[in-house]
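The primary structure of each chain is shown beneath.
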Amino acid sequence: MSITRRNLLIGAALAASSTAQAQQDKSLSMPLTAQRNAFKSGGKAIAVETFQGPGASPRPTLLMLHGADGLGYNSQYREAARDVAAAGYQVHLVHYLDRTGEKRASFSTLFQNFMPWMSTVQDALTFAANHPGADSSRIGIVGISLGAALGLAVSSTDSRVKALVNYFGPLPQGAIATTSRLPPTLVLHGSADPIVPVANAYAVEALLRQQNVPHEVKVYPGQGHGFRGAAEEDASRRALAFLQRHLAGNRASTNSDPLSVDG
């Protein structure tokens, strides 16, 4: 469960207008800082890598949750986190597998470890909310595969999450309470995904419709577990535009005007 190339989220597609484009181009030329931090969760030290541009004013903040392949084998997560930070966000790449002492998630223990990982993501939200330079009222999650499932589960019960981007994640059965409410959510999935079948995207969409939550769903024909070519570029544009609407450009997050897009 992984991303396939560096440009998971490319800053070049954020702007919806020429003014926003100019602001984004300026942010892309600014130097980024990378800092390695840690917080405690379940008695374990959890590493987190924080990326952001210069300046002290509060900025929208994102947790990036990697896939089951972990961070020891895939440098593309860090590169993606840098791309997002260049668009004006404070990005925290969370080593949530530290909670269970793994480098990559084991499928044999996936279900028993899911709840501890959820708890770690909730603790990561607290860490992010209190981090210098973070706007605690504008926190979102970008989850990839297993990380997207964790994002769905956590954001369904934690109102601190104001926006969620779900890259080909499974719907975590039993982890989303019937009384919960998801934040505005973008679902990106490939129709030919052999690891997380596209039925998961439609199941998430049905839940979002039921909750009357603002959402977008894009299914890419012929794409597998990870996007390539034009699909990858389109997913990047959609993700950053979605975050701009529901997080970066929205200090008072609302749950009005539901939107669903498929195709």
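**A word on helix H6 (residues 229–248)**
Phase 1: An ideal rise of 1.5 Å per residue puts 28 Å on 20 residues; H6 measures up with 27 Å between its terminal C-alpha atoms.
Phase 2: Looking only at H6, the buried set comprises Ala231, Glu232, Asp234, Ala235, Ser236, Ala239, Leu240, Phe242, Leu243, His246 and Leu247.
Phase 3: Of the surrounding elements, those touching the buried residues of H6 are strand S3 (59–65), strand S5 (134–144), strand S6 (161–167), strand S7 (185–190) and strand S8 (215–220).

**Focus on the packing of aromatic side chains**
Aromatic rings considered in pairs are described by the distance between their centres and by the relative angle of their planes.
Phase 1: Per the counting criterion, the structure on display carries six aromatic pairs.
Phase 2: Considering the side-chain rings of Tyr220 and Phe227, the 4.9 Å spacing of their centres and the 55° angle between planes classify their relative orientation as tilted. Here Tyr220 and Phe227 have matching classes, each one buried.
Phase 3: Taken together, the aromatic side chains of Tyr167, Phe168, Tyr220 and Phe227 make up a single cluster linked through ring pairs.

**Considerations on the pairing of S3**
Residues in a regular strand point their side chains to alternate faces of the sheet.
Phase 1: In terms of burial, S3 is largely enclosed, as seven of its seven residues are buried.
Phase 2: Looking at chain direction, S3 and S5 are connected through six bridges and run parallel. Residue pairing across strands places Leu65 opposite Gly143, the latter belonging to S5.
Phase 3: Judged from the four bridges that link them, S3 and strand S4 (residues 90–94) form a sheet pairing that is parallel. Residue pairing in the sheet places Leu62 in a bridge with Val91 of S4.
Phase 4: For the segment spanning S3, helix H2 (residues 76–86) and S4, crossover handedness is right-handed.

**Things to note about the nonpolar core**
Most often, soluble globular proteins keep nonpolar side chains buried together rather than apart.
Phase 1: Counting 43 residues, the largest nonpolar core has Leu63 and Val94 as the members making the most contacts within it.
Phase 2: Those elements that place two or more of their residues in this core are strand S2 (44–52), S3, helix H3 (110–129), S5, helix H4 (146–155), S6, helix H5 (199–211) and S8.
Phase 3: The greatest single-element share of this core, amounting to ten residues, is contributed by H3.
Phase 4: Grouped together as the second largest cluster of nonpolar side chains are 30 residues, Val91, Val142, Phe168 and Leu186 included.

**So, the side chain of Ser180**
Phase 1: For Ser180, the location among the structural elements is in the loop between S6 and S7.
Phase 2: When near neighbours in sequence (up to four residues on either side) are disregarded, Ser180 contacts Ser156, Thr157 and Gln211.

**Some points on the confidence of the model for the protein chain**
Phase 1: Taken as a whole, the protein chain shows an average pLDDT of 86; of its residues, 83% reach a score of 70 or greater.
Phase 2: Contacts from residues 252–263, a stretch scored under 50 in pLDDT, to residues over four places away or in other chains number 30 contacts.

Reading guide: rules and limits
- Residues numbered from 1 in each chain as written.
- Predicted model: local features only at pLDDT ≥ 70, side-chain atom pairs only at ≥ 80, totals over all residues.
- Heavy atoms only, no water.
- Helix = DSSP H or I, 4+ residues; strand = E, 2+ residues; numbered from the N terminus.
- Expected span 1.5 Å × (residues − 1).
- Buried < 20%, exposed > 50% of the residue type's maximum accessible area, 1.4 Å probe, protein only.
- Contact = heavy atoms within 4.5 Å.
- Phe/Tyr/Trp six-rings, centres within 6.5 Å; stacked < 30°, edge-to-face > 60°.
- Pairing = 2+ DSSP bridges.
- Right-handed = clockwise from strand over helix to strand, strands pointing away.
- Core = buried A, V, L, I, M, F, W, Y, C linked by side-chain atoms within 4.5 Å.
- pLDDT = per-residue confidence, 0-100.

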